[in-house]
Amino acid sequence: MAKNHDALRKQARQLENEIDMKLVAFGKIGANSSHSSNTDTSPLLGESIFGSLSTEIEQKLDKLASINEVMAESSCSSAGTSTAAMHILQRHREILLGYRQEFNKISANHTARIEREELFRGPENISKISGLNRRDMYMKESNHLNSSNALINDQINIAIETRENLLSQRHAFKRLQTRFNDISNRFPLISSLIQRINIKKKRDALIVGAVVGLCVVLLLLYAFD
C-alpha cells in the first residue's frame, strides 16, 4: 500500500511540474497571441496554439485531481495514516487549486484582451475572425450602400410627389378664392339693380294710381253735372 501511495505521489509531483511549465508558456502565448492576430500572414495561428495548450492543461489538471482523489481514498483506507501524510495530501490539493485559479485567470484575461482589441479595431477585425476576406466585406458594404441609396431615392420621390400635390391644392384654393371674391364683388351691383327696379315699380304704381284717381274724379264730376 505504501509503495502504491509513493507511486501516486511521484505521479502527482511530475504532473505538477509539467503543469507549472505549461502555465508559464500558456501565460506568454495568451499575452502575445492577440498581437500576432494583427498580421495578415497567419491571423489565427496564435489562437490555435492557445486553444491547443488550454485543452492540454485542462486534461493534466483533471488527471492531477484524479490522482489526488486516489491518494485520499488510499489514505482513508489505511489504518495508520499519519498527520504528515494528510498534510502532504492537503498540500497537493492546494497546489491543484492554485493551478486551476492561475489557469482560469490567464484564460479570462486573454478573452477580455481579445474582445477589447476587436472592439477597438472594429468591423475589419471581426470579418477576419469570422473567416470573411476583405472582398466579401467590401461587397457587403457596397450592398448596404446601394440599399441605402435606393431608400433615399424613394423618399425623395415621395417628397416630390407630396410637393406637387400641395402646389396643386394651393392653385385650386387660389381659384376658389378668386371666384368667391368675384361673387362678393358682384353682390353690391345686383343689390343696387334690384333696389332701382323696386323704386321704379313704386313710382309707376304711384303714377298709375294718380291717373286712376283723376279719372274717377272726372267721372264723378261728369255724372253729377
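Residues numbered from 1 in each chain as written. Predicted model: local features only at pLDDT ≥ 70, side-chain atom pairs only at ≥ 80, totals over all residues. Heavy atoms only, no water.

1. Brief notes about the overall build of the protein chain
Inference 1: For the protein chain, the count of helices and strands is 5 helices and 0 strands.
Inference 2: Mapped in sequence order, the helices and strands of the protein chain form the string α-α-α-α-α.
Inference 3: Within the span of the protein chain, comprising 225 residues, buried residues form 20% of the whole.
Inference 4: As displayed, the protein chain has an accessible area near 17,100 Å², and 60% of this comes from carbon and sulfur atoms. (Helix = DSSP H or I, 4+ residues; strand = E, 2+ residues; numbered from the N terminus. Buried < 20%, exposed > 50% of the residue type's maximum accessible area, 1.4 Å probe, protein only. Areas by Shrake-Rupley, 256 points an atom, 1.4 Å probe, with all protein chains shown as cover.)

2. Details of the side chain of Glu16
Inference 1: Structurally, Glu16 can be placed in helix 1 (residues 2-36).
Inference 2: Buried charged residue Glu16 carries no salt bridge. Nearest counter-charge: Arg13, at 6.8 Å.
Inference 3: Other than its neighbours up to four places away in sequence, Glu16 contacts Leu64, His92, Ile95 and Tyr99. (Lys, Arg positive; Asp, Glu negative; His and termini not counted. Salt bridge = Lys/Arg side-chain N within 4 Å of Asp/Glu carboxyl O. Contact = heavy atoms within 4.5 Å.)

3. Here we look at the pattern of salt bridges
Inference 1: Under the criterion given, the structure shown has 4 salt bridges.
Inference 2: Ionic pairing is found between Lys22 and Glu56, a salt bridge with its closest N-O pair at 3.0 Å. Of this pair, Lys22 sits in helix 1 while Glu56 is found in helix 2 (residues 45-77), placing the two residues 34 residues apart along the sequence.
Inference 3: We classify Lys22 as partly exposed; its relative accessible area is 25%.
Inference 4: A salt bridge links Arg91 to Glu94; its shortest N-O distance comes to 3.7 Å. Of this pair, Arg91 and Glu94 are both found in helix 3 (residues 83-121), 3 residues apart, which corresponds to roughly one turn of the helix.
Inference 5: Under the relative-accessibility criterion, Glu94 is labelled partly exposed at 41%.

4. Structural notes on the UniProt feature "transmembrane region" (unreviewed entry) in the protein chain
Inference 1: The UniProt record annotates "transmembrane region" (unreviewed entry) at residues 205-224.
Inference 2: Between the C-alpha atoms that bound residues 205-224 the distance is 29 Å, and the span itself is 100% helix and 0% strand. (UniProt positions renumbered as here; feature names shortened; annotations may be inferred.)

5. Let's talk about the packing of aromatic side chains
Inference 1: All chains considered together, the criterion is met by 2 aromatic pairs.
Inference 2: Seen in terms of ring centroids, Phe26 and Phe50 are 4.5 Å apart; in terms of plane orientation they differ by 20°. Their pairing is stacked. Taken together, the positions of Phe26 in helix 1 and Phe50 in helix 2 put the pair 24 residues apart, joining distant regions of the chain. Like Phe50, Phe26 is buried.
Inference 3: Classification of Phe26 as buried rests on a relative accessible area of 0%.
Inference 4: Joined through ring pairs, the aromatic side chains of Phe26, Phe50 and Phe103 make up one cluster. (Phe/Tyr/Trp six-rings, centres within 6.5 Å; stacked < 30°, edge-to-face > 60°.)

6. Description of a nonpolar patch on the surface
Inference 1: A surface patch of nonpolar side chains, amounting to about 510 Å² of accessible area, comprises Val208, Val212, Val216, Leu220 and Phe224.
Inference 2: Relative to the helices and strands, Phe224 is located in helix 5 (residues 134-224). (Patch = residues over 30% accessible without salt bridge, like charges linked within 9 Å, V, L, I, M, F, W, Y side chains within 5 Å.)

7. Let's talk about the nonpolar core
Inference 1: Core analysis: the biggest nonpolar cluster contains 21 residues, and Phe26, Ile57, Leu61, Leu64 and Tyr99 have the highest contact counts within it.
Inference 2: Elements with a contribution of two residues or more to this core: helix 1, helix 2 and helix 3.
Inference 3: Of all the elements, helix 2 adds the most residues to this core, at 9 residues.
Inference 4: Once residues within four sequence positions are removed from consideration, Phe26 is found in contact with Phe50, Leu53, Ser54, Ile57, Phe103, Ile106 and Ser107. (Core = buried A, V, L, I, M, F, W, Y, C linked by side-chain atoms within 4.5 Å.)

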